[in-house]
Structure formats: C-alpha cells, structure tokens
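Notes for the structure review
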Amino acid sequence: MTTAGRVIKCKAAVAWEYGKPLVTEEIEVAPPEANEVRIKIVATAVCHTDLYHLFEGMETELFPTILGHEAAGIVESVGSGVTEFHPGDKVIPLFINQCRECRFCKSPKTNHCEKGENGGHAKLAFEKSRITCKGKKLMPFMAIGSFSEYILMNQTAVAKIDPAAPLDKVCLIGCAISTGFGAAVNTAKVEAGSTCAVFGLGAVGLAAVMGCKFAGAERIIAVDINPKKAEKAKVFGATDFVNPKDQNKPISEVLAEMTSGGVDYSFECVGNVEVMRSALESSSAAWGVSVIVGWTDRYDFAARPIQLISGRTWKGSLFGGFKGKDGVSEMVRAYLQKKIKVDEFITHTKTLPQINEAIELMKSGQSIRTVLNVSSD
C-alpha cells in the first residue's frame, strides 16, 4: 500500500529530556507539504554534535527531540513544487541548505544559504515540526532528526547522490567526513609539501588528516590524548603521533621543536577552547593558518593580539566549506572513485533500538563512528 499523502507511523529514538537516555517510540510523520521531501532513513551515524546537544548544550527548552543528522536514505514521497527529487532517489539530508538562488549560494566565498532553517534556527524548526509522539511535537535536531525511520526535509536541504552509493557507508559524508576533509582542502587550502597538525582524532579529525594527505602535505602530525588513536591516524595519512599527556612542556612548544618553529596548518577538531589556542600557537608565527573545526558554543576563546599580528591566520570552518548539495554529491563520487576513504571510519554497527549503546561507545572513546542500520534499502 502506498504511503504517499498519508501520515506514517514509524519508530524513532526520542530524547525526552536533557541528559537522559533515548527511548524508542512510535512517532507520526506527516506527509510532505510544498517544497518538502519525506525520506526513509536507511542508515544514520552517531556524531559528537548529537551528544553535545544531549549532554552539554544546556538548551533544555529544545526537548523532546529526535537527534541525528549524519544519515542517508531513499525518497519516499515529495510535496508540490518539488522537481529535483522523485520517489526512490538515494539522498543525504543536509544541515547546510543550498537553494542556489540567494546571494550566499551564488557566492564562492561561503556555504551559507539565506533560506536555511537549520542549526541556529532550532526554535523555528521546533515550532514548525509536524512530527509528533503521544500528542507532543518533536524537534528534529538540526532540522533533520535522523534517529528515525522517516524524516521530513525542505528540498533545499537534501542532496541527491549516485544510485550506486552504499547508504550504510556514505551516510558519514553528511557530516564528519565532509567537515574534516573540507577544512583542510577548502578552508585552509593546504599546500603540497607543507606541515600540518590535527588536534583530536575523532571522525572529523581523521577526515582532516585525510584531507591534508589528499592535498599533498609532507608531514602530518596527529595529536590526541588517546594513544589508541595513533594507528588509526596512520591509516588516513598521519606521519607522526603526539600525546600531549606524554610531554613535559606545552604541546605548542613540542610541535615548534618538531617543525623548526611551528606547522604551516593546524586544525582543532575537538570543540575545546583551550585546544583551539594550543592549535593556534602550534602554527608558524610567520604564516601559520589555524582552523577551528570542533563545535562548541559554551565558552569564549582567547589569544594574545601579537599572535595574529605576527602573521598567523585564525579562521573557522563550517561543514568543511562545502556547499551542501554540490559538496555532498562531489564527495560521494570521490568515494565511489576510491579517491577518499569512508569504510575505514566505521568501527561499529548497531540497530536503531541499540542507540544508547552507540552513544556510550562514543562517550567512552571506543568508537570512531557507529552506524545504525535503520531500515533496508
């Protein structure tokens, strides 16, 4: 029986309260309205940003919610005005919209989109939500909420991908891989023969290592307090591994000694303001570029003015500088052409009802990425 035009009852992992375990519930997902796409989620992964909202973000008014934003699925139905997508298309939902019409989309300087309702517009997404459970509205996290069998998306926040792409792998391109890889290739514009340092070796950090390698960096120093990450970093191209806990001096001094004054490019992939400063100070005072990639919005960060006056550049990177639709499709093609790694990021696979186990794996540092198999394709 066709589900188009009907309310779909399905399973989702609901976060009813801040800091509490998720609960598998039956939810109701309304049919798509104008310019909307309803997607059957095949696979989704657990990202640290989901955990940040659940355990650190402190935005208690944004619950109950369905977390999850790194996913891939199949179009189930579309609303009026949608011509780019058709039922059966393989797609990746985006937290970076791309309408291709606004001044931001038309500019090569940014990947922002004026029509975006994601990220900072969480309250608006909550108010407009047509996903409910037990009579209560559920907020789709980052306007996606992929810890669910079905989601609703605006067509500007969906990327059509190659039908040959394995959804249980390329779901990672929807966040971590594009974010880290693009930070090196698009934001920093790492040059061949350069030296790089990547702080934090989760999925985003490892993707940044991969991006540095792709760009031709000669030396890539991976920095993490978990010694178990060393071998994994080498898989993606790291030439050195340094554990700050093993040093008797600040990590910036250690890296300066290793590189005759500091690296050309450094990347903070943790979301810790103290590490952000360490990454900056680890870059060359003359021309170093330090990129903030890790997500946080709780604390201010600081540096001495002379650290920038001398010649360093300190910049941020959102989704690796990729425009949503174009960038994701491009990265999927790169994976299918074996130009980038994806499978190697996946350390665990679970099912949607095992979501709390997946969260614990990430909290304890045991996983790089856990993929949840939500439904078959």
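In this report, we go over the structure that sits alongside the text. Note that the structure is predicted; figures quoted are calculated from it, not measured.

A word on the overall build of the protein
- The helix and strand inventory of the protein stands at 11 helices and 19 strands.
- Taking 21 Å as the expected radius of gyration for a compact globule of 377 residues, we find that the protein reaches 20 Å, a close match to that expectation.
- Dimensions along the principal axes, computed over C-alpha positions, put the protein at roughly 65 × 40 × 35 Å.
- Per-residue burial over the protein gives 56% buried out of 377 residues.

A few points about the side chain of T187
- The residue T187 is located in helix α4 (residues 176–188) in this model.
- Here S317 takes part through its side chain, which lies 2.7 Å from a polar atom of the side chain of T187.
- Not counting residues within four places of it along the chain, the set of residues in contact with T187 comprises G182, V291, K315, G316, S317, G320 and G321.

Observations regarding the packing of helix α1 (residues 48–56) against helix α11 (residues 355–363)
- Where α1 meets α11, the closest approach of the two axes is 11 Å, and the angle between their N-to-C directions is 100 degrees. Taken as axis vectors, α1 and α11 run roughly perpendicular relative to one another. For the pair α1 and α11, the contacting residues are H48, L51, L54 and F55 in the first and I359, M362 and K363 in the second.
- Considering only residue class, the contact of α1 with α11 consists of 5 nonpolar, 1 polar and 1 charged.

With respect to the sheet that holds strand β8 (residues 136–137)
- Strand order across the open sheet formed by 4 strands is β1-β2-β7-β8, with antiparallel pairing between neighbours. Edge strands, defined here as strands with exactly one partner in the open sheet, are β1 (8–14) and β8.

Quick word on the nonpolar core
- In this structure, I27, F147, V170, F267 and F345 are the most contacted members of the largest nonpolar core, which totals 109 residues.
- Per element, the largest residue contribution to this core is 8 residues, and it comes from helix α5 (residues 203–215).
- The residues contacting V170, other than those within four sequence positions of it, are A72, I92, I161, A165, V332, Y335 and V342.
- Among the nonpolar cores identified, the runner-up in size contains 10 residues, and F199, I221, V223 and V254 belong to it.

Let's talk about unusual backbone geometry
- Between F63 and the following residue, P64, the backbone shows a cis peptide bond with an omega angle of 5 degrees.
- We note that R100 has phi near 70 degrees; this positive angle belongs to a residue other than glycine.
- Structurally, R100 is set in the loop between β6 (90–93) and α2 (122–128).
- R100 gets classed as partly exposed once you look at its relative accessible area, which sits at 40%.
- The backbone of S260 shows a phi angle near 60 degrees, a positive value even though the residue is not glycine.
- Inspection of the secondary structure puts S260 in the loop between α7 (251–258) and β15 (265–268).
- With relative accessibility at 77%, the residue S260 sits in the exposed group.

Some remarks on the packing of aromatic side chains
- For the structure on display, the rule yields 5 aromatic pairs.
- Arranged with centres 6.2 Å apart and planes meeting at 85 degrees, the rings of Y18 and F63 form a pair that is edge-to-face. Of the two residues, Y18 sits in the loop between β1 and β2 (23–29) while F63 sits in the loop between α1 and β4 (65–66), which places them 45 residues apart along the sequence.
- The exposure class assigned to Y18 is partly exposed, which follows from its relative accessible area of 23%.
- Residue classification places F63 among the buried positions, given a relative accessible area of 11%.
- Taken together, a centroid distance of 4.4 Å and an interplanar angle of 45 degrees make the contact between F236 and F345 tilted. Taken together, the residues span a long stretch of sequence, with F236 in the loop between α6 (229–235) and β14 (240–242) and F345 in the loop between α10 (324–336) and β18 (346–351) at a distance of 109 residues.
- In this structure F345 comes out as buried when scored by relative accessible area, which is 0%.
- Sitting over the ring of F55, K363 keeps its end group 4.3 Å from the ring centre.

Reading guide: rules and limits
Residues numbered from 1 in each chain as written. Predicted model: local features only at pLDDT ≥ 70, side-chain atom pairs only at ≥ 80, totals over all residues. Heavy atoms only, no water. Helix = DSSP H or I, 4+ residues; strand = E, 2+ residues; numbered from the N terminus. Rg over C-alpha atoms; globule rule 2.2 N^0.38 Å. Buried < 20%, exposed > 50% of the residue type's maximum accessible area, 1.4 Å probe, protein only. Polar contact = N/O pair within 3.5 Å; in protein donor to acceptor, adjacent residues only side chain to side chain. Contact = heavy atoms within 4.5 Å. Axes fitted to C-alpha atoms, helices over the stretch in contact; angles between N-to-C directions. Parallel < 35°, antiparallel > 145°, perpendicular 65-115°, else oblique. Nonpolar A, V, L, I, M, F, W, Y, C, P; charged D, E, K, R; others polar. Pairing = 2+ DSSP bridges. Core = buried A, V, L, I, M, F, W, Y, C linked by side-chain atoms within 4.5 Å. Phe/Tyr/Trp six-rings, centres within 6.5 Å; stacked < 30°, edge-to-face > 60°. Lys NZ or Arg CZ within 6 Å of the ring centre and 35° of its normal.

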